[in-house]
Amino acid sequence: MQLIKEMLGFAKKEKDSTDFLESSPIIEQVEYERMVYLETFAKELESLDHRHFEYRTEVVVNLGNKKKIEPFKLIRIDAIHHDGDNTRHEEANIANPAGFEPIKELWDDIEVTLHPIVWNAVDFNVTGDFPNVEQLENWYKKWFDIKGRHKPDDKKLHQVVHKMTMPVKTEDGWTLTVDFGSADMEAFIALFKQCRFNWASAIEISSKQYFSQLSEAYSLTNNTNNVTVITDAQPM
């Protein structure tokens, strides 16, 4: 029955257009939060420039967590620079999200609610069947740019997602958190499509985890000797 549901759901929803999202207040707000994060990121890099640090942006590291499966062990650090014998990381974290009342919309047959968020720590709390993890892995590999094909733009960014947690079962569905990094809105829309392919009936979007506790990406000490740098971004 589950397989039939997925097949019917995919066949039905694959034909659905997402053109309606172009005029969506939720999408407009998420795009605004994305721009706030990118401006914060740019200011962080300007600060490094002013301090005359040589640094690399969006560097891939392996957290080495045995409980995680590939590729969820991999994250990107906003910027890494050397300070004497130490390798230090910089994160463009936002202290407080923009305050607004929850925005509720119906996307196709999915109830979507947006709470205050930050682009670099978006929680997706999904009501529906547990997702196909392999499909989420493929989404992450693509937008993380695991093959390192993206070149930095004039702002020294690679248009990539920085982190994605493994999905965790909840009472009525599942949840995960994404640091969308310098990726564009297409990555956000693609993840929504992935949710609806997995028969989601409701999605709550927030950044509650960002403020209630530090995630692994943000709780790294300011010395990154305990992680393994996998790839070197181009020196700036």
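Residues numbered from 1 in each chain as written. Predicted model: local features only at pLDDT ≥ 70, side-chain atom pairs only at ≥ 80, totals over all residues. Heavy atoms only, no water.

### Here we look at the pattern of salt bridges
Move 1: Applying the stated criterion to the full structure yields two salt bridges.
Move 2: As a salt-bridge pair, Glu31 and Arg34 come within 3.3 Å of each other at their nearest N and O atoms. With a gap of three residues between them, Glu31 and Arg34 both fall in helix α2 (residues 25-50), about one helical turn apart.
Move 3: On the basis of relative accessibility, which here comes to 26%, the residue Glu31 falls in the partly exposed class.
Move 4: Relative accessible area serves as the criterion here: at 13%, Arg34 is assigned to the buried category. (Salt bridge = Lys/Arg side-chain N within 4 Å of Asp/Glu carboxyl O. Helix = DSSP H or I, 4+ residues; strand = E, 2+ residues; numbered from the N terminus. Buried < 20%, exposed > 50% of the residue type's maximum accessible area, 1.4 Å probe, protein only.)

### Some points on the nonpolar core
Move 1: Of all hydrophobic cores here, the largest spans 52 residues; its most connected members are Phe124, Trp139, Phe180 and Phe188.
Move 2: Of all the elements, α2 adds the most residues to this core, at eight residues.
Move 3: Dropping the residues within four chain positions of it, Phe188 is found in contact with Ile27, Val30, Trp107, Trp119, Phe124, Phe180 and Ile205.
Move 4: Core analysis: the second largest hydrophobic core is formed by six residues, Val61, Leu63, Ile77 and Ile80 among them. (Core = buried A, V, L, I, M, F, W, Y, C linked by side-chain atoms within 4.5 Å. Contact = heavy atoms within 4.5 Å.)

### Topic: the packing of helix α3 (residues 133-144) against helix α4 (residues 185-197)
In a pair of packed helices, the angle between the axes and the distance between the axes together describe the arrangement.
Move 1: For the pair α3 and α4, interaxial distance at closest approach is 11 Å and the crossing angle is 175 degrees. One finds that α3 runs roughly antiparallel with respect to α4. Counting all contacts with α3, which are made through Gln135, Leu136, Trp139 and Trp143, the residues of α4 involved are Glu186, Ala187, Ala190, Leu191 and Gln194.
Move 2: In terms of residue class, the contact of α3 with α4 is built from six nonpolar, two polar and one charged. (Axes fitted to C-alpha atoms, helices over the stretch in contact; angles between N-to-C directions. Parallel < 35°, antiparallel > 145°, perpendicular 65-115°, else oblique. Nonpolar A, V, L, I, M, F, W, Y, C, P; charged D, E, K, R; others polar.)

### Points about empty space enclosed by the protein
Move 1: Applying the stated rule across the entire model yields one cavity of 30 Å³ or more.
Move 2: Considered as a void within the structure, the largest cavity measures approximately 30 Å³ in volume.
Move 3: Lining the largest cavity are Trp107, Val112, Phe124, Phe188, Phe192, Ile203 and Ile205.
Move 4: Counting only elements with at least two residues in the lining of the largest cavity, the list comes to α4 and β10 (202-206).
Move 5: Among the residues making up the lining of the largest cavity, the classes are represented as seven nonpolar, no polar and no charged. (1 Å grid on protein atoms, 1.4 Å probe; cavity = no way out; pocket = protein on both sides within 12 Å on 5 of 7 lines; lining within 4 Å. Points joined across faces, edges and corners; volume = space filled by probe spheres on them.)

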